[in-house]
Every structure is written in structure tokens, then in C-alpha cells.
Amino acid sequence: MNDLQSLAALSDRFPRNFRWGVASSAFQIEGAAAADGKGASIWDEFCRIPGVIADGSDGQIACDHYHRLDADLDLIAGLGVKAYRFSISWPRIQPTGSGPALQSGIDFYNRLVDGLLTRGIEPYATLYHWDLPAELQRKHQGWADRSTAYRFAEYAALLAQALGDRVRSFATHNEPWVTATLGHELGHFAPGVKNRAVAMQVSHHCLLSHGLAVQAMRSVRQNLNIGIVLNLSPVYAASASPADELLAAREDGLLVRWYLDALLRGTYPSDILQYLGPDAPQVQAADERLICQPLDFLGVNYYSPIRSIATRPFSPSREGVPVTDMGWEVASASFTDLLLRLDRDYDLPPLYITENGAAYRDTIIEGVVKDEERRAYIESHVSAVADAIDQGVDVRGYFLWSLLDNFEWASGYTKRFGIYYVDYATQARILKHSGFWFKNLAAAFHRERISA
Ligand code: FCB
């Protein structure tokens, strides 16, 4: 088969109503950190701590997407995809995390949503992709305090009101495990707290805020599709030793079952509660029922499996296997394993792959980025999703991470995930070879003409 035939064959493996899209998040691309009344976020503040961001950078300018909105929407349209996942910056809407919506913030997302719709692209909004208003952290301890869950529900209702006439799909949180564990237990991410009891309380408050937000949004509008996005991975023991098996079961419990049992069954896993002992969160009587709201979809972000090893919590790699520039193992079959396992163990709503992609070191030669490793990563992972669909898993869409190279959190601008290369000095965007490939996949799927 030649390349075009194999693209057509791959795209034929997906149902006709499947959605192809690209994904981004507000803090990672928007820049304009203090423009038009926007408040600071915990990431703006975290970046000021010396040594926490690999290249000492911040999100002040990022991809300057805020000022280049129309051109960037044209880039999405140019890919021929019909869906775009973006996140909304809470401090752009409520600078201090409560009170009325700031009109300039609403205006920006109105332009974004309207710009997508006029280009025939469906908006998929995420309400919280880690950029908490700094004021909520300073004055109220952020997610460690229960009141933040109620503030979040108010913010969610504001957006259901402002955008819900045109945006059907809203995810409440992106990866609450990251907010809790990387932000509050390991301290690698904002706000940089290192305390497991706090982290588990944060996790509970994020889940509670999800439940409250779903209720609040549904009371504003009845026709929304509301879900949540989790980072999920299969967790494998590093060896068959009982100690490693136990560790793997525990990491799976903390990463996967903690969230899915709460969201889909209304109860935290008892083995994990027992393991946590005094670090288990304070949970009020009705909380678990509140968390378990009917969901219209579950977003799955997958990059690599976890290889449980005592010295490195939640390790995404092992010795001697191919890894990306993040050091994350490349294992597409694990993606299929994950989707089959979720389907087997849970009564799932429809799934969307809300993130999947890879960082590699790109080089531009004469204006061209030949990123064959990224292209191969994407192709193998798209096929892994098709394998799961073949075996009966209801996956409705795939969003590639990411539209643009961007601010990769604690790695700053040192890691590139985009299918558009960003030259940060000039803000020029250059479509990488992986991007051409993805565009051709979308074209094959939509039966459009494929470009060479
Ligand atoms: C996910 C995040 C996303 C990006 C990718 C690489 O955990 O949701 O913002 O950083 O990893």
C-alpha cells in the first residue's frame, strides 16, 4: 500500500460520526497574562519561584495566542479537523475567582467560539486546566479549601450562561490527579505544595467541584454535554515480585480507581482509603453522591504506561525502551489495553481521547520540520484507538496534543508537543511533517482531496 492508501485504510477504521481534533490549553498558549483586566493565576506566581521551571520561563507571552486568535483559528481550519479542544482561563473570567464575569474575558472566548463555528469547527471547552486565580490560593488555600469547590461551580454556571448557547461540550477539570498529586504532593507543579494529606483533600475538592459544577451548569442549560478529562494509564509492575505487584495495584488505585470509582460508582476505593490512613480526605456525608453525576462523556488523556517502581512514583518509563523527549515510554499497545480495561471494569459514558501526542526534539532545516518519530507515534496510537473500537469500546473522538508547541509547565519551552512548530522569537508557526500527516488523515476521513 502507498501512503495515501494506508491513510485511507486507517481512517476507514473509525465510525462516520467520529471527531478528529487538536487540543491546547489557555495558560500554555494564550500569553497576555495581565491583559484587559485578567487576574494572575497560580501558574503566573509559581513561575516566579527560582528553579521550578526548567528554562526559567513563564507564560507571560507563550504563543501570544490571545493576540493572534484569528490567524491561529485559520491554522486549525487549515488542518481540516472539525473539532478543537481549548481551555478557559478562570482568572480571565473572574480575576479574583469570584464575582461577576469580566466582559473582556467573555469577549475573548466569544470571539474564539464564534471564530470556530464560522470555520465549521466544533468547540470543546475545558473549564479548568490548572490556572486557578492566584487570589483563591493566597486568601483561601485554593483547592485545599472546600470553598473553592463552590467558587468553581459559580464560575462554571457563568460560562454555561455565556457560552452554552454555542458550546455544547464542556469538561469540568483537566486531569485532577495532576492538580492534586503533582501540585500538592510532589510539588512539581503549581502551587508547589508537598504534603500528601493536602493533596488528597485537594483531589476530593476537585471531584466535589466537578459534581457541583455539573449540577450548576445543568440548572442553567439542559442540553449541554458535560464530562471530565482524566489522565489514565495502565499500571504495570516492574517485576513479578509481590512487592512490585502491590505497588502497581496501589498506583493504579491512586491514579485510575480513585477517580473513576468516585465519578462512576459514587464511592472511593476502600483499599486506597485504608492505605491512606490519616492522609485520607475529609468527606462529608453527601459528597460521594454529589461527585457521581451522570456524565455525557469521559475524556481520556493517554501518553504512556506507568511502570511501578518504588524509587520513582508513577514512573512513565523503564530501561531500554523507546521514549519521547519527556522520557515517557512509547507503548501504543498499552493504549488499547487501557481502553479495554476501562470498558471491562466500568459502566462508561462515551469516551473521547482528549489528549495524545509526543514531544520530540525538532530541527528546522530550510523551513521544514521532518518529525518522523512524532508522526510514527501518532499513527501507532491512532491505530491503537481503532483496535479498541474494533473490540467494542465506544470512542467518539481523538484530539491530538497539541496544536502548537507551547509552555510545557515545569519544562517551560524546552519540550515541543505541537504539530505546528513555534519559533518563539518571531511567533512564526510552521506545520511539521506530523501535521501534514494528520491533516491528510482528516482529509481521508472526510473524503477530501489529499495534499501531497
Ligand atoms: C498533559 C496536560 C497537557 C500537556 C500534556 C503533555 O498532562 O494536560 O497540558 O502538558 O500533558
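What counts as what
Residues numbered from 1 in each chain as written. Predicted model: local features only at pLDDT ≥ 70, side-chain atom pairs only at ≥ 80, totals over all residues. Heavy atoms only, no water. Helix = DSSP H or I, 4+ residues; strand = E, 2+ residues; numbered from the N terminus. Buried < 20%, exposed > 50% of the residue type's maximum accessible area, 1.4 Å probe, protein only. Contact = heavy atoms within 4.5 Å. Areas by Shrake-Rupley, 256 points an atom, 1.4 Å probe, with all protein chains shown as cover. Lys, Arg positive; Asp, Glu negative; His and termini not counted. Charge placed at Lys NZ, Arg CZ, Asp CG, Glu CD. Pairing = 2+ DSSP bridges. Axes fitted to C-alpha atoms, helices over the stretch in contact; angles between N-to-C directions. 1 Å grid on protein atoms, 1.4 Å probe; cavity = no way out; pocket = protein on both sides within 12 Å on 5 of 7 lines; lining within 4 Å. Points joined across faces, edges and corners; volume = space filled by probe spheres on them. Nonpolar A, V, L, I, M, F, W, Y, C, P; charged D, E, K, R; others polar. Parallel < 35°, antiparallel > 145°, perpendicular 65-115°, else oblique. Left-handed = near helix turned anticlockwise from the far one by under 90°. Expected span 1.5 Å × (residues − 1). Near = heavy atom within 4 Å. Polar contact = N/O pair within 3.5 Å; in protein donor to acceptor, adjacent residues only side chain to side chain. Sits in = over half its atoms within 2 Å of the grid points. Bend = angle between axes of the 7 residues up to and from the residue. Core = buried A, V, L, I, M, F, W, Y, C linked by side-chain atoms within 4.5 Å. Salt bridge = Lys/Arg side-chain N within 4 Å of Asp/Glu carboxyl O.

Another point: the overall build of the protein. Broken down by element type, the protein carries 16 helices and 14 strands. Counting over 452 residues, the protein shows a buried share of 59%. The contacts in the protein between residues at least 6 apart in sequence include a share of 76% that link residues at least 24 apart. Summed over its atoms, the accessible surface of the protein is roughly 16,900 Å², and 51% of this surface lies on carbon and sulfur atoms. Placing the 42 positive and 53 negative side-chain charges of the protein at their respective mean positions leaves the two points 2 Å apart.

With that settled, the discussion passes to the sheet that holds strand 3 (residues 122-128). Spatially, the eight strands close up into a barrel ordered 1-2-3-4-5-7-9-12, and their pairing is parallel. Put simply, the sheet's adjacent strands are angled 25 degrees from each other on average, direction ignored. Judged from the five bridges that link them, strand 1 (residues 19-23) and strand 12 (residues 395-401) form a sheet pairing that is parallel. Residue pairing across strands places Val-22 opposite Leu-400, the latter belonging to strand 12.

Glancing now at the layout of surface pockets. Taken as a whole, the largest pocket spans an internal volume of roughly 840 Å³. Taken together, 33 residues line the largest pocket, and the ones lying closest to its centre are Trp-177, Leu-182, Phe-189, Pro-316 and Trp-328. Counting residues per element, the lining of the largest pocket draws most heavily on helix 9 (residues 176-184), at three residues. Of the residues in the lining of the largest pocket, the class split is 19 nonpolar, eleven polar and three charged.

At a minimum axis separation of 12 Å, helix 11 (residues 242-265) and helix 14 (residues 332-345) run at an interaxial angle of 40 degrees. The angle between helix 11 and helix 14 falls in the class oblique. Judged by the twist between their axes, the crossing of helix 11 over helix 14 is right-handed. Contacts between helix 11 and helix 14 involve Asp-252, Val-256, Arg-257, Leu-260 and Arg-265 from the first element and Arg-341, Leu-342 and Asp-345 from the second. Grouping the constituent residues of the contact of helix 11 with helix 14 by class yields three nonpolar, no polar and five charged.

A word on helix 6 (residues 103-118). End to end, helix 6 covers 22 Å across 16 residues, agreeing with the expected 22 Å (1.5 Å per residue, within 8%). On the buried face of helix 6, the contacting elements are helix 2 (26-29), helix 4 (69-79), strand 2 (83-87), helix 5 (90-93), strand 3 and helix 8 (147-163). Positive backbone phi, approximately 75 degrees, marks Gly-120, located one or two places after helix 6.

Turning next to the site of the ligand. Around the ligand, the surrounding shell consists of Gln-28, His-129, Trp-130, Asn-174, Glu-175, Tyr-303, Glu-355, Trp-401, Glu-408, Trp-409 and Phe-417. Within the side chain of Glu-175, one N or O atom sits 2.6 Å away from an oxygen atom of the ligand. Glu-355 places a side-chain nitrogen or oxygen 2.9 Å from an oxygen atom of the ligand. Protein contacts shield 94% of the accessible area of the ligand, which totals 290 Å² for the unbound molecule. More than half of the atoms of the ligand fall within 2 Å of the grid points belonging to the largest pocket. Looking at the shell around the ligand residue by residue, the classes come out as five nonpolar, three polar and three charged.

Once that is clear, we can look at the pairing of strand 2. Taken across its five residues, strand 2 has five buried, putting it largely inside the fold. Along strand 2, one buried face is formed by Ala-83, Arg-85 and Ser-87 and the opposite face, lined by Tyr-84 and Phe-86, is buried too. The sheet contact formed by strand 1 and strand 2 spans three bridges and is parallel. Paired with Val-22 across the strands is Tyr-84, a residue of strand 2. Taken together, the five bridges between strand 2 and strand 3 define a ladder with parallel strand orientation. The residue bridging Ser-87 from the neighbouring strand is Thr-126, located in strand 3.

Next up on the list: helix 11. Side chains three or four residues apart in an α-helix point the same way, a direct result of the helix having 3.6 residues per turn. Counted at 1.5 Å a residue, the expected span for helix 11 with its 24 residues is 34 Å, but the 29 Å between its end C-alpha atoms falls short. A bend of about 45 degrees at Arg-257 is the largest found in helix 11. Directly after helix 11, the chain includes Gly-266, whose backbone phi takes a positive value near 75 degrees.

A separate point is the environment of Asn-17. Its place among the elements puts Asn-17 in the loop between helix 1 (3-11) and strand 1. The class for Asn-17 is exposed, based on a relative accessible area of 53%. Sequence-wise, Asn-17 and Gly-397 are 380 residues apart; in three dimensions their C-alpha atoms are separated by 8.6 Å.

Let us look at the environment of Gln-60. Topologically, Gln-60 is positioned in the loop between helix 3 (42-46) and helix 4. The class of Gln-60 is partly exposed, set by a relative accessible area of 37%. A C-alpha to C-alpha distance of 15 Å links Gln-60 and Thr-426, two positions 366 residues apart in sequence. Beyond its immediate stretch of four places on either side in the chain, Gln-60 contacts Gly-31, Ala-32, Ala-33 and Asp-44.

Turning next to the nonpolar core. Counting residues in each nonpolar core, the largest one holds 125 residues, and the members touching the most others are Trp-43 and Phe-438. Broken down by element, the residue count for this core peaks at nine residues, all from helix 11. If we skip the residues at most four places from it in the chain, Trp-43 touches Phe-27, Ile-53, Trp-130, Phe-189, Ala-190, Phe-407, Trp-409 and Ala-410. Of all hydrophobic cores here, the second largest spans 15 residues; its members include Tyr-124, Ala-358, Ala-359 and Phe-417.

Applying the stated criterion to the full structure yields 39 salt bridges. Linking Glu-45 and Arg-48 is a salt bridge whose minimum nitrogen-to-oxygen distance equals 3.9 Å. Note on Glu-45: relative accessible area 28%, which makes it partly exposed. Overall, the relative accessible area of 58% leaves Arg-48 in the exposed class. Measuring nitrogen to oxygen at the nearest pair gives 2.9 Å for the salt bridge that ties Arg-307 to Glu-329. Taken together, the residues Arg-307 in strand 8 (residues 306-308) and Glu-329 in the loop between strand 8 and helix 14 connect sequence positions 22 residues apart. Neither residue differs from the other here; Arg-307 and Glu-329 are each classed as buried. One network of salt bridges, with partners in common, ties together Asp-252, Arg-257, Asp-271, Arg-341, Arg-344 and Asp-345.

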